[in-house]
Amino acid sequence: MRSFAGRDILSLKEFERNEFFHVFQVADRLEPIARERRNTDLLATKTLVTAFYQPSTRTRLAHEAAMLRLGGGVTGFSDAKMTRAGDFYQESIKDTVHMLEYYGDAIVMRHFQQGAPHEAARWASIPVINAGDGWGEHPTQVLTDLYTVYKEKGTLDGLSFVCIGDHRMRTMHSIGYALSQFDAEMVILGPEDMSPTEEFLGELDGLGTSYRVVDHIDEVIAEADVIYMEPVVQPDYTASRQEKQDDYGLTPANYQITADVMSRAKGDSIILHSLPRMDELLPEVDQLKHARYWQEAYNGVVMRMALLSLVLGAME
Ligand code: CP
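None of these values were measured; they are calculated from a predicted model.

Parameters at a glance
- Residues numbered from 1 in each chain as written.
- Predicted model: local features only at pLDDT ≥ 70, side-chain atom pairs only at ≥ 80, totals over all residues.
- Heavy atoms only, no water.
- Buried < 20%, exposed > 50% of the residue type's maximum accessible area, 1.4 Å probe, protein only.
- Helix = DSSP H or I, 4+ residues; strand = E, 2+ residues; numbered from the N terminus.
- Arc of directions from axis to C-beta.
- Contact = heavy atoms within 4.5 Å.
- Phe/Tyr/Trp six-rings, centres within 6.5 Å; stacked < 30°, edge-to-face > 60°.
- Lys NZ or Arg CZ within 6 Å of the ring centre and 35° of its normal.
- Axes fitted to C-alpha atoms, helices over the stretch in contact; angles between N-to-C directions.
- Parallel < 35°, antiparallel > 145°, perpendicular 65-115°, else oblique.
- Left-handed = near helix turned anticlockwise from the far one by under 90°.
- Nonpolar A, V, L, I, M, F, W, Y, C, P; charged D, E, K, R; others polar.
- Pairing = 2+ DSSP bridges.
- Near = heavy atom within 4 Å.
- Polar contact = N/O pair within 3.5 Å; in protein donor to acceptor, adjacent residues only side chain to side chain.
- Areas by Shrake-Rupley, 256 points an atom, 1.4 Å probe, with all protein chains shown as cover.
- Domains from an automatic or database assignment.

K.L.:
What is the right way to read helix 4 (residues 116-123) from this model?
P.N.:
Structurally, the α-helix is built with 3.6 residues per turn, so residues lying three or four positions apart point the same way. Three or more residues of helix 4 are buried, namely A116, P117, A120 and A121. Considered in projection along helix 4, the buried side chains sweep an arc of 140° and stay on one side of the axis. Buried residues in helix 4 make contact with helix 3 (93-100), strand 3 (106-111) and strand 4 (128-133).

So, in structure tokens, the structure goes:
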């Protein structure tokens, strides 16, 4: 297996099966630190640089929390408009990253341009972690999600993942790539104008991901092991920021999870949603035995602890 030390985490396309399990093992070893709300000194000599060109609650703060739990430092920005990349100069990724690499030991970047973290990694002498790039990918989120499924089910094989929502979305891409490493099916459900692109489906064919497309949650709810959700009412992920419009629409019933829908689900099926949510996942579902999105949020810190300690060489 390739070493993680010094490695960029940009995509799950190149992640191998044993690498998923290795990351999960490291997460398991570090998890008690988060559970017991302890701070340690594993990364006491390291600093994480956060470069967020798009809004985030979970991804940025989970990386920061992970770094603090491991005794490291954090610097960076969450509003690119207050940097030279977001003002008159429109400083390039290349020049910005040549600065950031002197300020810390790893960079976690979210950007509205697909491929921006990959561009950063070309120029940075330190690891770059993709925290979401346009419609591209969201690898740390999907590692978190698969870790959550693995902890719950004890396997990632033999499972049906019903993926509901906007299939242009970066999490949908990362999970499609990741499932190629497992004997699992990706069931694709979403509005026609949010369908996966032919290019993406071609990539899934090339990678060997098993998938099929359906039209309504009622067709597949009884067979789902994992219900993997994204909104269909959501902003344009190629924009740096989008304010909420007055007429943003409602989620059609085909793509909505309610208590009534879950009454027809397998007893041990679980619901994941990386959040934030709109009306596709009603609060009434939070009380059901199937809801795992709060556990998923907690695991988000644990997974970032694992990834940071691996790429910074503190864990092998
Ligand atoms: N799940 C996720 O990426 O959330 P944020 O946009 O809040 O980081």
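K.L.:
Quick question: what am I supposed to make of the packing of aromatic side chains here?
P.N.:
Any two aromatic rings considered together are summarised by their centre-to-centre distance and by the angle between their planes. Inspection of the entire model under this criterion finds 13 aromatic pairs. Centroid distance F4 to F15: 5.9 Å. Interplanar angle 50°. Geometry classified as tilted. Of this pair, F4 sits in the segment before helix 1 (17-35) while F15 sits in the segment before helix 1, and the two are 11 residues apart along the sequence. An aromatic cluster of three or more residues is present, and its members are F4, F15, F20, F21, F24, Y147, Y150 and F182. Its guanidinium or amino end placed over the ring of F4, R7 lies 4.2 Å from that ring's centre, counting from NZ or CZ. Against the face of F15 rests R7, its NZ or CZ located 5.5 Å from the ring centre.

K.L.:
Would you explain the packing of helix 2 (residues 58-69) against helix 10 (residues 293-311) in this entry?
P.N.:
The relative placement of two packed helices is expressed as an angle between their axes plus a distance between the axes. Helix 10 packs onto helix 2 with a crossing angle of 60° between their chain directions and a minimal axis gap of 8 Å. As summarised for this structure, helix 2 and helix 10 are arranged oblique, according to the angle between their axes. Seen along the crossing, helix 2 lies across helix 10 with a hand that is right-handed. Residues T59, A62, H63, A65, A66, M67 and R69 of helix 2 lie in contact with helix 10, whose contacting residues are G300, V301, R304, M305 and L308. Here the contact of helix 2 with helix 10 is composed, by residue class, of 7 nonpolar, 3 polar and 2 charged.

K.L.:
Is there a simple way to think about the sheet that holds strand 2 (residues 73-77) in this case?
P.N.:
Hydrogen bonds between backbone groups are what pair the strands of a sheet, and the pairing can be parallel or antiparallel. Read from one edge of the open sheet, 4 strands run 2-1-3-4, paired in parallel fashion. On the outer flanks of this sheet lie strand 2 and strand 4, each paired with one strand and no other. For this sheet, the mean inter-axis angle between neighbouring strands, taken without regard to orientation, is 15°. Relative to strand 3, strand 1 (residues 47-52) runs parallel, the two sharing 5 bridges. Its bridge partner being in strand 3, T50 is matched across the sheet by V108. Packing against the sheet, helix 3 makes contact with strand 1, strand 2 and strand 3, and its axis sits at approximately 150° to strand 3.

K.L.:
Got a minute to help me understand the sheet that holds strand 7 (residues 210-214) in this structure?
P.N.:
Read from one edge to the other, the open sheet built from 5 strands follows the order 7-6-5-8-9, with strand pairing classed as parallel. Only two strands of the sheet have a single neighbouring strand rather than two, namely strand 7 and strand 9 (270-273). Averaged over all adjacent pairs, the angle separating strand axes in this sheet is 20°, with direction ignored. Relative to strand 5 (residues 160-164), helix 6 (residues 170-178) is tilted by about 160°, and along the sheet it contacts strand 5, strand 6 (185-189) and strand 8 (226-229).

K.L.:
Any chance you could explain the site of the ligand here in plain terms?
P.N.:
Close contacts around the ligand come from S56, T57, R58, T59, R110, H138, Q141, S274 and L275, and that covers them all. With respect to the ligand, the side chain of S56 contributes an N or O atom lying 2.6 Å from an oxygen atom. At a separation of 3.0 Å, a nitrogen atom of the ligand approaches a polar backbone atom of S274. Bound to the protein, the ligand loses 91% of the 250 Å² it would expose on its own. Its residues assigned to classes, the shell around the ligand shows 1 nonpolar, 6 polar and 2 charged. In terms of domain composition, the shell around the ligand takes at least three residues from each of domain 1 (12-138 + 297-311) and domain 2 (139-296).

K.L.:
Honestly, unusual backbone geometry in this entry has me stumped. Any pointers?
P.N.:
Comment: phi is negative for the bulk of residues other than glycine, and the bulk of peptide bonds are trans. Omega for the bond connecting L275 with P276 falls within 30 degrees of zero, at 5°, which places this linkage in the cis form. Residue R37 is not a glycine yet carries a positive backbone phi of 50°. Here Q90, not a glycine, exhibits a phi torsion of approximately 50°, which is positive. Mapped onto the fold, Q90 is located in the loop between strand 2 and helix 3. We classify Q90 as exposed; its relative accessible area is 54%.

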